[in-house]
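So the chains spell out like this:
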Amino acid sequence: MPHSLPFRGSFTALVTPFRDGALDEKAFRDLVDWQIEEGIHGLVPVGTTGESPTVSHDEHKLVVEWTVEQARGRVPVIAGAGSNNTIEAIDLARHAEKAGADAVLVVTPYYNKPGQEGLYQHYKAINDAIGIPIYIYNIPGRSVVDMSVETMARLSELKNIAGVKDATANLARVSMQRQAMGPSFNQLSGEDATALAFMAHGGDGCISVASNVAPRLCSDLMNACIAGDYSKALELQDRLFPLFQALFVETNPSPTKYALSVLGKIADEARLPMVPVTDKTKETVRAAMRHAGLLN
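Residues numbered from 1 in each chain as written. Predicted model: local features only at pLDDT ≥ 70, side-chain atom pairs only at ≥ 80, totals over all residues. Heavy atoms only, no water.

For the chain, an unreviewed UniProt entry supplies the name 4-hydroxy-tetrahydrodipicolinate synthase and the organism Starkeya nomas. The Catalytic activity (unreviewed entry) comment attached to the chain in UniProt states, word for word, "L-aspartate 4-semialdehyde + pyruvate = (2S,4S)-4-hydroxy-2,3,4,5-tetrahydrodipicolinate + H2O + H(+)". Check the Subunit (unreviewed entry) section of the UniProt entry for the chain; it says "Homotetramer; dimer of dimers." (UniProt positions renumbered as here; feature names shortened; annotations may be inferred.)

Below is the structure:
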(Lines give C-alpha, C1' and ligand atoms only; values in the text may rest on other atoms or scores of the structure.)
Protein backbone atom coordinates (compact mmCIF):
# COMPACT_ATOMS: atom_id res chain seq x y z
CA MET A 1 0.00 0.00 0.00
CA PRO A 2 1.28 3.50 -0.81
CA HIS A 3 -0.22 5.05 2.34
CA SER A 4 -0.54 4.36 6.05
CA LEU A 5 -3.14 6.21 8.10
CA PRO A 6 -3.54 6.67 11.84
CA PHE A 7 -7.32 6.30 11.64
CA ARG A 8 -7.97 4.01 14.57
CA GLY A 9 -10.63 3.88 17.25
CA SER A 10 -14.17 5.19 17.49
CA PHE A 11 -15.33 7.63 14.81
CA THR A 12 -18.78 9.15 15.31
CA ALA A 13 -21.17 9.11 12.35
CA LEU A 14 -22.61 12.46 13.38
CA VAL A 15 -26.30 13.22 13.33
CA THR A 16 -27.34 16.52 11.72
CA PRO A 17 -29.44 18.54 14.18
CA PHE A 18 -32.47 20.41 12.86
CA ARG A 19 -34.69 23.01 14.46
CA ASP A 20 -37.91 24.12 12.82
CA GLY A 21 -36.82 22.43 9.61
CA ALA A 22 -33.45 24.19 9.32
CA LEU A 23 -29.91 23.16 10.21
CA ASP A 24 -29.17 23.94 13.87
CA GLU A 25 -25.62 25.25 13.67
CA LYS A 26 -25.17 25.91 17.39
CA ALA A 27 -26.39 22.47 18.42
CA PHE A 28 -24.13 20.89 15.81
CA ARG A 29 -21.02 22.78 16.86
CA ASP A 30 -21.74 22.04 20.52
CA LEU A 31 -22.16 18.37 19.66
CA VAL A 32 -18.77 18.32 17.93
CA ASP A 33 -17.11 19.90 20.98
CA TRP A 34 -18.79 17.45 23.36
CA GLN A 35 -17.72 14.49 21.24
CA ILE A 36 -14.10 15.60 21.28
CA GLU A 37 -14.15 16.41 25.01
CA GLU A 38 -15.49 12.89 25.65
CA GLY A 39 -12.50 11.34 23.88
CA ILE A 40 -13.86 10.38 20.48
CA HIS A 41 -11.15 9.51 17.95
CA GLY A 42 -12.69 11.09 14.85
CA LEU A 43 -15.82 12.54 13.24
CA VAL A 44 -17.80 11.55 10.17
CA PRO A 45 -20.35 14.21 9.13
CA VAL A 46 -23.19 13.85 6.59
CA GLY A 47 -23.26 10.13 6.17
CA THR A 48 -26.53 8.20 6.37
CA THR A 49 -26.77 8.96 10.09
CA GLY A 50 -26.35 12.63 9.16
CA GLU A 51 -29.43 12.35 6.91
CA SER A 52 -27.40 13.00 3.78
CA PRO A 53 -30.33 11.96 1.53
CA THR A 54 -32.46 14.88 2.73
CA VAL A 55 -29.97 17.71 3.18
CA SER A 56 -29.37 19.89 0.13
CA HIS A 57 -25.93 19.99 -1.43
CA ASP A 58 -25.38 23.46 0.03
CA GLU A 59 -26.38 22.21 3.49
CA HIS A 60 -24.18 19.14 3.08
CA LYS A 61 -21.19 21.34 2.33
CA LEU A 62 -21.97 23.66 5.25
CA VAL A 63 -22.03 20.74 7.68
CA VAL A 64 -18.63 19.56 6.44
CA GLU A 65 -17.24 23.08 6.85
CA TRP A 66 -18.68 23.41 10.35
CA THR A 67 -17.18 20.07 11.38
CA VAL A 68 -13.69 20.95 10.16
CA GLU A 69 -13.88 24.43 11.70
CA GLN A 70 -15.13 23.19 15.06
CA ALA A 71 -12.77 20.23 15.26
CA ARG A 72 -9.81 22.57 14.68
CA GLY A 73 -7.49 19.67 13.98
CA ARG A 74 -8.13 18.03 17.36
CA VAL A 75 -9.43 14.86 15.69
CA PRO A 76 -9.55 13.76 12.06
CA VAL A 77 -12.65 14.41 9.96
CA ILE A 78 -13.81 11.89 7.37
CA ALA A 79 -16.45 13.76 5.37
CA GLY A 80 -19.37 11.99 3.76
CA ALA A 81 -19.13 12.47 0.00
CA GLY A 82 -21.18 9.70 -1.53
CA SER A 83 -23.69 9.72 -4.37
CA ASN A 84 -25.05 7.34 -6.98
CA ASN A 85 -24.07 10.04 -9.48
CA THR A 86 -20.29 10.03 -9.96
CA ILE A 87 -20.22 13.70 -10.96
CA GLU A 88 -22.01 14.67 -7.73
CA ALA A 89 -19.69 12.48 -5.65
CA ILE A 90 -16.66 14.18 -7.21
CA ASP A 91 -18.13 17.61 -6.45
CA LEU A 92 -18.74 16.70 -2.80
CA ALA A 93 -15.29 15.11 -2.47
CA ARG A 94 -13.55 18.14 -3.98
CA HIS A 95 -15.44 20.42 -1.62
CA ALA A 96 -14.49 18.27 1.39
CA GLU A 97 -10.83 18.45 0.39
CA LYS A 98 -11.02 22.22 -0.04
CA ALA A 99 -12.79 22.57 3.33
CA GLY A 100 -9.91 20.78 5.04
CA ALA A 101 -11.35 17.30 5.68
CA ASP A 102 -8.75 14.62 6.31
CA ALA A 103 -10.52 12.02 4.16
CA VAL A 104 -13.83 11.29 2.47
CA LEU A 105 -16.30 8.45 2.93
CA VAL A 106 -17.91 7.35 -0.34
CA VAL A 107 -20.80 4.91 -0.32
CA THR A 108 -21.23 2.35 -3.08
CA PRO A 109 -23.74 3.79 -5.59
CA TYR A 110 -27.26 2.89 -4.52
CA TYR A 111 -30.41 2.30 -6.58
CA ASN A 112 -28.77 2.23 -10.03
CA LYS A 113 -26.87 -0.95 -8.94
CA PRO A 114 -23.62 -0.78 -10.95
CA GLY A 115 -21.67 -3.97 -11.53
CA GLN A 116 -18.13 -4.52 -10.27
CA GLU A 117 -16.52 -2.67 -13.20
CA GLY A 118 -18.90 0.25 -12.67
CA LEU A 119 -17.96 0.34 -8.99
CA TYR A 120 -14.28 0.35 -9.90
CA GLN A 121 -14.66 3.18 -12.41
CA HIS A 122 -16.82 5.22 -9.98
CA TYR A 123 -14.15 5.14 -7.27
CA LYS A 124 -11.30 5.57 -9.74
CA ALA A 125 -12.90 8.76 -11.06
CA ILE A 126 -13.14 10.16 -7.52
CA ASN A 127 -9.60 9.00 -6.78
CA ASP A 128 -8.33 10.85 -9.83
CA ALA A 129 -10.18 14.06 -8.88
CA ILE A 130 -8.85 14.62 -5.35
CA GLY A 131 -5.69 14.28 -3.29
CA ILE A 132 -6.95 13.06 0.10
CA PRO A 133 -7.72 9.52 1.28
CA ILE A 134 -10.95 7.84 0.22
CA TYR A 135 -12.84 5.31 2.33
CA ILE A 136 -15.11 2.89 0.53
CA TYR A 137 -18.43 2.52 2.34
CA ASN A 138 -19.67 -0.97 1.58
CA ILE A 139 -23.23 -1.38 2.89
CA PRO A 140 -25.25 -3.80 0.76
CA GLY A 141 -28.25 -3.57 3.06
CA ARG A 142 -28.84 0.05 2.06
CA SER A 143 -27.19 0.38 -1.34
CA VAL A 144 -28.20 -3.07 -2.71
CA VAL A 145 -24.75 -3.55 -4.24
CA ASP A 146 -21.85 -5.37 -2.62
CA MET A 147 -18.29 -4.57 -3.62
CA SER A 148 -16.34 -7.79 -4.00
CA VAL A 149 -13.02 -8.30 -2.25
CA GLU A 150 -11.43 -8.58 -5.70
CA THR A 151 -12.74 -5.16 -6.76
CA MET A 152 -11.63 -3.63 -3.47
CA ALA A 153 -8.16 -5.10 -3.98
CA ARG A 154 -7.98 -3.50 -7.44
CA LEU A 155 -9.03 -0.16 -5.98
CA SER A 156 -6.51 -0.41 -3.14
CA GLU A 157 -3.74 -0.05 -5.72
CA LEU A 158 -4.90 3.51 -6.47
CA LYS A 159 -3.11 6.29 -4.63
CA ASN A 160 -6.03 7.60 -2.55
CA ILE A 161 -8.05 4.47 -1.75
CA ALA A 162 -7.09 4.05 1.89
CA GLY A 163 -9.65 1.79 3.52
CA VAL A 164 -13.19 0.62 3.97
CA LYS A 165 -16.15 1.17 6.25
CA ASP A 166 -17.47 -2.37 6.20
CA ALA A 167 -21.17 -2.81 6.95
CA THR A 168 -21.63 -6.14 5.21
CA ALA A 169 -22.36 -7.89 8.56
CA ASN A 170 -19.95 -10.61 7.40
CA LEU A 171 -17.10 -10.79 9.90
CA ALA A 172 -15.12 -13.09 7.59
CA ARG A 173 -14.73 -10.10 5.27
CA VAL A 174 -12.24 -8.52 7.67
CA SER A 175 -9.89 -11.46 7.33
CA MET A 176 -10.57 -11.83 3.61
CA GLN A 177 -9.72 -8.17 3.07
CA ARG A 178 -6.57 -8.45 5.20
CA GLN A 179 -5.48 -11.37 3.03
CA ALA A 180 -6.19 -9.46 -0.18
CA MET A 181 -4.96 -5.95 0.75
CA GLY A 182 -2.68 -6.50 3.74
CA PRO A 183 -2.88 -5.01 7.24
CA SER A 184 -2.10 -1.46 6.11
CA PHE A 185 -5.49 -1.23 4.38
CA ASN A 186 -7.55 0.62 6.99
CA GLN A 187 -10.65 -1.37 7.99
CA LEU A 188 -13.37 0.33 10.04
CA SER A 189 -16.51 -1.47 11.17
CA GLY A 190 -19.83 0.01 10.13
CA GLU A 191 -21.82 -1.76 12.83
CA ASP A 192 -21.61 -1.12 16.58
CA ALA A 193 -23.00 -4.48 17.66
CA THR A 194 -20.25 -6.52 15.98
CA ALA A 195 -17.38 -4.01 16.21
CA LEU A 196 -15.69 -5.91 19.04
CA ALA A 197 -15.56 -9.05 16.89
CA PHE A 198 -14.52 -6.97 13.87
CA MET A 199 -11.54 -5.70 15.88
CA ALA A 200 -10.60 -9.21 16.97
CA HIS A 201 -10.42 -10.17 13.28
CA GLY A 202 -7.91 -7.37 12.67
CA GLY A 203 -10.01 -4.24 12.24
CA ASP A 204 -8.79 -0.76 13.10
CA GLY A 205 -11.91 0.86 14.55
CA CYS A 206 -15.59 1.62 14.14
CA ILE A 207 -17.60 4.37 12.48
CA SER A 208 -20.21 4.39 15.18
CA VAL A 209 -23.82 5.48 15.53
CA ALA A 210 -23.97 4.80 19.27
CA SER A 211 -21.01 7.09 19.95
CA ASN A 212 -23.30 10.02 19.20
CA VAL A 213 -24.95 9.17 22.51
CA ALA A 214 -22.11 7.47 24.42
CA PRO A 215 -18.84 8.81 23.00
CA ARG A 216 -16.76 8.09 26.09
CA LEU A 217 -17.89 4.49 26.44
CA CYS A 218 -17.55 3.77 22.71
CA SER A 219 -14.04 5.23 22.70
CA ASP A 220 -13.14 3.17 25.75
CA LEU A 221 -14.40 0.04 23.98
CA MET A 222 -12.23 0.69 20.93
CA ASN A 223 -9.24 1.64 23.09
CA ALA A 224 -9.55 -1.68 24.94
CA CYS A 225 -9.65 -3.58 21.64
CA ILE A 226 -6.63 -1.72 20.28
CA ALA A 227 -4.74 -2.53 23.49
CA GLY A 228 -5.71 -6.20 23.17
CA ASP A 229 -7.64 -6.06 26.46
CA TYR A 230 -10.64 -8.06 25.30
CA SER A 231 -11.78 -8.77 28.85
CA LYS A 232 -12.32 -5.05 29.43
CA ALA A 233 -13.78 -4.71 25.94
CA LEU A 234 -16.33 -7.41 26.72
CA GLU A 235 -17.39 -5.63 29.92
CA LEU A 236 -18.00 -2.47 27.89
CA GLN A 237 -19.77 -4.44 25.17
CA ASP A 238 -22.17 -5.89 27.76
CA ARG A 239 -22.86 -2.40 29.06
CA LEU A 240 -23.42 -0.91 25.62
CA PHE A 241 -25.09 -3.76 23.74
CA PRO A 242 -28.69 -2.84 24.63
CA LEU A 243 -27.98 0.66 23.33
CA PHE A 244 -26.49 -0.74 20.12
CA GLN A 245 -29.76 -2.60 19.59
CA ALA A 246 -32.13 0.13 20.75
CA LEU A 247 -30.75 2.72 18.33
CA PHE A 248 -31.90 0.49 15.45
CA VAL A 249 -35.33 -0.55 16.72
CA GLU A 250 -36.59 2.03 14.24
CA THR A 251 -34.67 3.36 11.26
CA ASN A 252 -31.47 5.24 12.05
CA PRO A 253 -31.08 8.09 12.98
CA SER A 254 -34.49 8.70 14.60
CA PRO A 255 -33.76 6.69 17.80
CA THR A 256 -30.34 8.36 18.09
CA LYS A 257 -31.86 11.81 17.74
CA TYR A 258 -34.37 10.96 20.44
CA ALA A 259 -31.57 9.75 22.76
CA LEU A 260 -29.61 12.95 22.18
CA SER A 261 -32.71 15.02 22.89
CA VAL A 262 -33.05 13.18 26.24
CA LEU A 263 -29.48 14.26 27.01
CA GLY A 264 -30.39 17.84 26.07
CA LYS A 265 -27.97 17.94 23.13
CA ILE A 266 -30.34 18.48 20.17
CA ALA A 267 -34.01 18.78 19.28
CA ASP A 268 -35.84 15.54 18.49
CA GLU A 269 -36.41 16.48 14.86
CA ALA A 270 -35.75 14.67 11.59
CA ARG A 271 -36.65 15.35 7.98
CA LEU A 272 -39.27 13.40 6.10
CA PRO A 273 -39.41 10.60 5.24
CA MET A 274 -37.77 10.10 8.66
CA VAL A 275 -40.14 10.67 11.59
CA PRO A 276 -39.77 10.76 15.38
CA VAL A 277 -39.85 7.39 17.13
CA THR A 278 -42.91 5.88 18.80
CA ASP A 279 -43.49 5.97 22.55
CA LYS A 280 -42.63 2.26 22.76
CA THR A 281 -39.25 2.90 21.13
CA LYS A 282 -38.65 5.84 23.44
CA GLU A 283 -39.06 3.50 26.40
CA THR A 284 -36.64 1.01 24.83
CA VAL A 285 -34.04 3.71 24.18
CA ARG A 286 -34.29 5.15 27.68
CA ALA A 287 -33.97 1.67 29.24
CA ALA A 288 -30.81 1.05 27.18
CA MET A 289 -29.41 4.42 28.21
CA ARG A 290 -30.01 3.57 31.86
CA HIS A 291 -28.32 0.18 31.38
CA ALA A 292 -25.28 1.97 29.96
CA GLY A 293 -25.24 4.40 32.89
CA LEU A 294 -26.16 7.40 30.77
CA LEU A 295 -29.36 8.08 32.72
CA ASN A 296 -30.35 7.60 36.33
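Now, onward.
Provide a residue-level description of the UniProt feature "active site" (unreviewed entry) in the chain, including the pertinent values.
Under the UniProt annotation, the feature "active site" (unreviewed entry) is placed at Tyr 137 and Lys 165. A maximum C-alpha distance of 4.7 Å places the annotated residues, which cover 29 residues in sequence, within one compact spot. Inspection of the secondary structure assignment puts Tyr 137 in strand S7 (residues 134-138). With relative accessibility at 8%, the residue Tyr 137 sits in the buried group. Tyr 137 has contacts with Thr 48, Leu 105, Val 106, Val 107, Thr 108, Tyr 123, Lys 165 and Ala 167, leaving out every residue within four places of it along the chain. (Helix = DSSP H or I, 4+ residues; strand = E, 2+ residues; numbered from the N terminus. Buried < 20%, exposed > 50% of the residue type's maximum accessible area, 1.4 Å probe, protein only. Contact = heavy atoms within 4.5 Å.)

Explain the packing of helix H1 (residues 25-37) against helix H2 (residues 57-71) to me, using residue names and the numbers behind them.
Packing of H1 against H2 leaves a shortest axis separation of 10 Å and a crossing angle of 45°. When the interaxial angle is binned, H1 and H2 end up oblique. Here H1 and H2 pass one another in a crossing that is right-handed. Along the contact surface, H1 presents Glu 25, Phe 28, Arg 29, Val 32, Asp 33 and Ile 36, while H2 presents Val 63, Trp 66, Thr 67, Glu 69, Gln 70 and Ala 71. The class makeup of the residues in the contact of H1 with H2 is six nonpolar, two polar and four charged. (Axes fitted to C-alpha atoms, helices over the stretch in contact; angles between N-to-C directions. Parallel < 35°, antiparallel > 145°, perpendicular 65-115°, else oblique. Left-handed = near helix turned anticlockwise from the far one by under 90°. Nonpolar A, V, L, I, M, F, W, Y, C, P; charged D, E, K, R; others polar.)

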